[in-house]
Amino acid sequence: MAHQRRAVYALAAMSAATFCYVTTEVLPIGLLTLIAPDLGRSRSEAGLLVTGYAVVVMIVALPLTRVTRRVPRRPLLAGSLGVFAAATAVSAFAPSYEVLLAARLVSATTNGVFWAVVFPVAISMFPANIRGRIVARLSIGNALGPVVGVPLSTWLGGQAGWRAAFLAMAILGFVTCLAVVLLLPNVTPQERAGDTGPLPDRQRFVVLIVATILAVTGAMGAFTYMTVFLLDVSGFAAASLGLLLFVQGSFGVVGTWAVGRVLDQFPVGVVLVLLGLLTAAMLGLYGAGGSKALTIPLLAVAGMSFSSLIAAIQHRIMQVTPSTTDLASASLSVAFNVGLAAGSFIGAGLLATAGVRVIPLFGGVLTAAAFALLACHETSRKRKDHGGVRGSAHRQPVGQSAAHA
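All residue numbers here refer to positions counted from 1 along the written sequence of the relevant chain. With the structure being a predicted model, the display of local features is reserved for residues of pLDDT at least 70 and the display and counting of side-chain atom pairs for 80 or more, all residues being used for whole-chain, interface and lining totals. Excluding hydrogens and water, the side-chain figures rest on all heavy atoms present in the structure.

Chemist: How do you make sense of the overall build of the protein when you look at a structure like this?
Modeler: Regarding its fold elements, the protein presents 14 helices and 0 strands. Here a strand is any run of E in DSSP of at least two residues, a helix any run of H or I of at least four, and the numbering for each starts at the N terminus. Counting helices and strands in the order they occur from the N terminus, the protein gives α-α-α-α-α-α-α-α-α-α-α-α-α-α. The reference for a compact globule is 2.2 Å times residues^0.38; the radius of gyration itself is calculated from the C-alpha atoms. In terms of C-alpha radius of gyration, the protein reaches 22 Å, essentially the compact-globule figure of 22 Å for 405 residues. Projected onto its principal axes, the C-alpha positions of the protein cover 90 × 50 × 35 Å.

Right, here's the structure in full:
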């Protein structure tokens, strides 16, 4: 019982750590108008604090995961959090843009290692039959980042300056690091129950990574410019934007919690259903975005399905990975950041050329493509598997008669 309680507390600490990472990664977005003039830079240069972060994650996540794969998990997680917190503290006191950018890039180097390790470590502490539930519980921290972390940090920056927001995240990072040190069992990579995928399948793994890039590119292209869409297309007042984004994010938290109850029983079905819902919400926003009454529920469905989808894909990708779950999680982190960067970039191009109205259509087309890719591949694989079973069953009597002969 004491061991189980400690595992639950350790899971909560790691979920808090995911909250720290998600919030801090996009923290400069809400503080651009404060950071840029304070450091004598343009808003586009301040925006590189987010773009550069994502690029570093894409470059170093897999190599660093390979280098650290034999390091015991507790010191690796604690070390990543410690460096993250220290770099965020340096960001808070940075005397220049160059120092702030360097601190952000150092923090980004720990991001890939953290995401590679945190999910495999979490599932290793619990029975294999509830892995999906554990992944969903851990993902609550991810979902809370945009709903609670970013708005609160933006508000704090407006009240006490942008440095106060970074300092707050640094303090929370140090506290979380200490909690991980005290609560997490010191398990070596070779001893972890979740070290390899239970259903290794290279084709399914590759298809899932490609589908993730498509889905995240489409969703983040739309979400990045959702406030513009709500103002210009739906006609909402600027004062209502905070409440609308809270609706989107809060449904994401609820959905992530709820999906954990069925993820272990229907790992593929949940991914496909969520992709279908996300596609319907995106296309619905394109078609009915001019109606305030319809936009609100569509926004809620989009937030719920996307946040839940990330947890569902994380669970499925650790099931089918042909290598270790660490490398699978690192690959997913890279895929997510590729989608994030591509979605924001393409969305900006569409905003400048075709207008914001078409961005949800772009998102819906890509999420539909991800759905079709996964659905067709799974259908094809099932047909092959069933065909192989029937073929071997048909051949069995021949083998038996030959043996008798």
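Here the narrative resumes.
Chemist: Mind showing me how you'd approach the nonpolar core here?
Modeler: In globular proteins that are soluble, nonpolar side chains generally tend to be buried together. Grouped together as the largest cluster of nonpolar side chains are 101 residues, with contacts concentrated most on M14 and L77. Broken down by element, the residue count for this core peaks at 12 residues, all from helix α5 (residues 97–124). Between two residues, a contact is recorded if the distance between any of their heavy atoms is within 4.5 Å. When near neighbours in sequence (up to four residues on either side) are disregarded, L77 contacts M14, F114, V117, V118, V121, V180 and L184. Here the nonpolar core consists of buried residues drawn from Ala, Val, Leu, Ile, Met, Phe, Trp, Tyr and Cys, with membership extended through side-chain atoms lying within 4.5 Å. Exposure categories follow from relative accessible area, calculated using a 1.4 Å probe and restricted to protein chains: below 20% of the type maximum is buried, above 50% is exposed, and the middle band is partly exposed.

Chemist: For this particular structure, what's the right way to read helix α13 (residues 325–353)?
Modeler: Since one α-helical turn is 3.6 residues long, residues separated by three or four positions face the same way. In this analysis, the expected span of each helix is defined as 1.5 Å times one less than the number of residues it contains. Taking 1.5 Å per residue, 29 residues should reach 42 Å; α13 reaches 41 Å between its end C-alpha atoms and fits that length. The first or second residue beyond α13 is G355, which carries a positive phi of 100°.

Chemist: Looking at this structure, how should I read the packing of aromatic side chains?
Modeler: Here the distance between the centres and the angle between the planes together describe a pair of aromatic rings. Working definition: rings of Phe, Tyr and Trp (its six-membered ring) pair if their centres are within 6.5 Å, and the pair is stacked with planes under 30 degrees apart, edge-to-face with planes over 60 apart, and tilted otherwise. Under the definition given, this model contains 6 aromatic pairs. With a centroid separation of 6.2 Å and 25° between ring planes, the pair formed by W115 and F119 is classed as stacked. One end of the pair, W115, and the other, F119, are both in helix α5, 4 residues apart, so they sit about a helical turn from each other. In terms of burial, W115 and F119 fall into one category: buried. Grouped by ring-pair contacts, the aromatic residues Y21, F84, F114, W115 and F119 constitute a single cluster. Here, a charge over a ring means that NZ of Lys or CZ of Arg falls within 6 Å of the ring centre while also lying within 35 degrees of the ring normal. Above the plane of the ring of W257 lies R137, whose end atom (NZ or CZ) is 3.7 Å from the centre. Over the aromatic face of Y286 sits the side chain of R357, whose NZ or CZ is 5.6 Å from the ring centroid.

Chemist: In this structure, what is going on with the environment of P146? I would like to understand it.
Modeler: Considering the arrangement of structural elements, one finds P146 in helix α6 (residues 131–160). Taking the C-alpha atoms as reference points, P146 and G252, 106 residues apart in sequence, are found 9.6 Å from one another. Excluding anything up to four places from it in sequence, P146 contacts V22 and P151.

Chemist: How should the packing of helix α8 (residues 202–224) against α13 be read in this particular structure?
Modeler: Geometry of a packed helix pair, given as the angle between the helix axes and the separation of the axes. Think of each axis as a best-fit line through the C-alpha atoms, taken over the contacting stretch in the case of a helix, with angles from 0 to 180 degrees between the N-to-C directions. Across the interface, α8 lies against α13 with an axial gap of 7 Å and an inter-helix angle of 35°. Both α8 and α13 take part in a crossing whose hand is right-handed. Left-handed is the label given to a crossing in which the near helix is rotated counterclockwise from the far helix by less than a right angle, and right-handed is the label when the rotation is clockwise.

Chemist: Honestly, the state of the cysteines in this entry has me stumped. Any pointers?
Modeler: Disulfides are covalent bonds that link the sulfur atoms of two cysteine residues. Criterion for a disulfide: a pair of cysteine sulfur atoms within 2.5 Å. In total, this model carries 0 disulfides according to the counting rule given. Of all cysteine sulfurs in the structure, the one in C177 sits closest to C20, which takes part in no disulfide; the separation is 10 Å. For C20, a relative accessible area of 0% gives the class buried.

Chemist: Help me understand the pattern of salt bridges in this model?
Modeler: Pairs may arise between side chains of opposite charge once their charged atoms sit close together. Each salt bridge in this description consists of a side-chain nitrogen of Lys or Arg and a carboxyl oxygen of Asp or Glu lying within 4 Å of one another. Tallying each qualifying case throughout the model produces 7 salt bridges. A salt bridge links R163 to D38; its shortest N-O distance comes to 3.4 Å. In this pair, R163 is assigned in helix α7 (residues 162–183) and D38 in helix α2 (residues 27–38), connecting sequence segments 125 residues apart. Between D201 and R381 there is a salt bridge whose closest N-O contact spans 2.7 Å. With D201 in the loop between α7 and α8 and R381 in helix α14 (residues 359–404), the pair connects residues that are 180 residues apart, well separated along the chain. In this structure, D201 and R381 share a single accessibility class: buried.

Chemist: Would you mind going over the environment of H315 with me for this structure?
Modeler: Among the structural elements, H315 can be located in helix α12 (residues 292–320). On the basis of relative accessibility, which here comes to 3%, the residue H315 falls in the buried class. With residues near it in sequence (within four places) discarded, H315 still touches R131, G132, V135, L263, D264 and P267. Under this definition, polar contacts are N or O atom pairs within 3.5 Å; protein pairs additionally need one hydrogen-donor-capable and one acceptor-capable atom, and for neighbouring residues in sequence, both atoms have to be side-chain atoms. Here the side chain of H315 touches G132 through a polar contact of 3.5 Å, landing on its backbone nitrogen.

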